[in-house]
Amino acid sequence: MADNATRHYISSFFLIGIPGLQDFHCWIGLPVCLLFALTLLGNSVIIVTIKLEPSLHQPMYVFLCMLAMNDVALALSTAPKMLGIFWLDGHWLDFNLCLAQMYFIRTFCIVESALLVAMAFDHYVAICIPLRYTTILTTPMVIKMGLIGITRAVLMVFPGPFLIKRLPYYSKYVINHAYCEHMAVVKLANANTHVNRAYGISVALSVMMLDLGLIATSYIKILQAVFRLSSQNARSKALGTCAAHVCTILVSYTPALFSFLTHRIGKKVPPSVHIIFASVYLVVPPTVNPLVYGAKTKQIRDQVVGLFLPNRKNSKN
């Protein structure tokens, strides 16, 4: 008791950045800054284009607009602090601000996963039961699916900060990360963290298994329907519709799975490699998503051209 009484709870964490690569932080900040700028620009263009063009007020594009807004929020919750570490030596972060960053990052990641499921369902209905598309994916249904995804994320992440707040933090305050990652913070506690670890694993596994299972089921049904089509052109068109979404899924889940597995079983993976992949998971997908959809989706590509180059659009018409 006397020993505990002389201890003081820490009020801030020290974020290392990329362990072992501190001498290169200035250079690492350049691609992070570029990706951040492209994220804001690309997703803003997607949001404005969908908002201004009435022909894009359809479920598929509404989900894409939601994804773009979520990507902007995710980038704003991570990239500024990373750049502060890499360029301004802003390594210290208040305890409560660290918990807030952790909460928002995990919430936006789960929302992103839910939106990918919703978009997979949209493709399933459009390809497998097209005659019922307008009756199933009505505006109220689209709004309800978005709200369910947000509510699930908020409720699943809500216990996290409180479970961490109950832990004592006396001596360890250095986080070997470029942002406040949940397990990295939990490992610093001067107490038994089994409950926190079990909570973190259960949330991650439940989201990945459920969402990836639903996405896989949707695409199995889609492939079955596509290969039943007699026309090669129809098959190519149907698969082309899903190409952008598949790219987004791969970009989003691959580094996330790598980061999750290396935290638990990747003992031999160098810390710098793990942190780089964990950072890629947060800064690359928000940048790539608008580029993929802009390149793969003709309707968006045409509207973007019309938005910035109206004369070129008119000449085509």
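Values in this document were obtained by computation on a predicted structure and should not be read as measured data.

Caption draft 1: Representation of the UniProt feature "transmembrane region" (unreviewed entry) in the protein. Listed under "transmembrane region" (unreviewed entry) in the UniProt record, and renumbered for this structure, are residues 27-48, 60-83, 103-121, 142-164, 198-217, 238-261 and 273-293. Secondary structure over residues 60-83 splits into 100% helix and 0% strand, and the C-alpha atoms at its two ends are 34 Å apart. Here residues 273-293 runs as 95% helix and 0% strand, with 29 Å between its end C-alpha atoms.

Caption draft 2: A look at the nonpolar core. Counting 37 residues, the largest nonpolar core has Phe13, Ile164, Tyr169, Ile175, Cys180 and Val185 as its most contacted members. Those elements that provide at least two residues to this core are strand E1 (12-15), helix H2 (25-52), helix H3 (59-88), helix H4 (95-128), helix H8 (182-186) and helix H11 (271-283). Discounting residues that sit within four places of it in the chain, valine 185 has contacts with Phe13, Cys98, Met102, Ile164, Tyr169, Ile175 and Cys180. Counting residues in hydrophobic clusters, the runner-up holds 33 residues, among them Leu67, Ile136, Leu137 and Tyr199.

Caption draft 3: How the structure looks around the packing of H4 against helix H6 (residues 139-157). Direction vectors running N to C along H4 and H6 enclose 150°, while the axes themselves pass 8 Å from each other. Helix-helix and strand crossings are classified by hand; for H4 and H6 the assignment is right-handed. Only Met145, Gly149, Ile150, Arg152, Ala153, Val154, Met156 and Val157 of H6 make contact with H4, whose side of the interface consists of Tyr103, Arg106, Thr107, Ile110, Val111, Ser113, Ala114, Ala118 and Phe121. Of the residues that constitute the contact of H4 with H6, the class distribution is 12 nonpolar, 3 polar and 2 charged.

Caption draft 4: Local environment of the side chain of aspartate 211. As for its placement among the helices and strands, aspartate 211 is situated in helix H9 (residues 194-226). Side-chain polar atoms of aspartate 211 contact the side chain of arginine 152, separated by 2.8 Å. The contacts of aspartate 211, once residues within four sequence positions are left out, are Ser113, Ala114, Val117, Arg152 and Tyr253.

Caption draft 5: How the structure looks around the packing of H4 against H9. Relative orientation of the contacting elements H4 and H9 amounts to 15°, with a least axis distance of 9 Å. Taken together, the axis directions place H4 and H9 in an arrangement best described as roughly parallel. Seen from above, H4 lies across H9 with left-handed handedness. A class-by-class count of the residues in the contact of H4 with H9 yields 18 nonpolar, 4 polar and 3 charged.

Caption draft 6: Representation of unusual backbone geometry. Of note in the backbone geometry, aspartate 89 takes a positive phi value of approximately 55° without being a glycine. Note that aspartate 89 resides in the loop between H3 and strand E2 (92-94).

About the thresholds
- Residues numbered from 1 in each chain as written.
- Predicted model: local features only at pLDDT ≥ 70, side-chain atom pairs only at ≥ 80, totals over all residues.
- Heavy atoms only, no water.
- UniProt positions renumbered as here; feature names shortened; annotations may be inferred.
- Helix = DSSP H or I, 4+ residues; strand = E, 2+ residues; numbered from the N terminus.
- Core = buried A, V, L, I, M, F, W, Y, C linked by side-chain atoms within 4.5 Å.
- Buried < 20%, exposed > 50% of the residue type's maximum accessible area, 1.4 Å probe, protein only.
- Contact = heavy atoms within 4.5 Å.
- Axes fitted to C-alpha atoms, helices over the stretch in contact; angles between N-to-C directions.
- Left-handed = near helix turned anticlockwise from the far one by under 90°.
- Nonpolar A, V, L, I, M, F, W, Y, C, P; charged D, E, K, R; others polar.
- Polar contact = N/O pair within 3.5 Å; in protein donor to acceptor, adjacent residues only side chain to side chain.
- Parallel < 35°, antiparallel > 145°, perpendicular 65-115°, else oblique.

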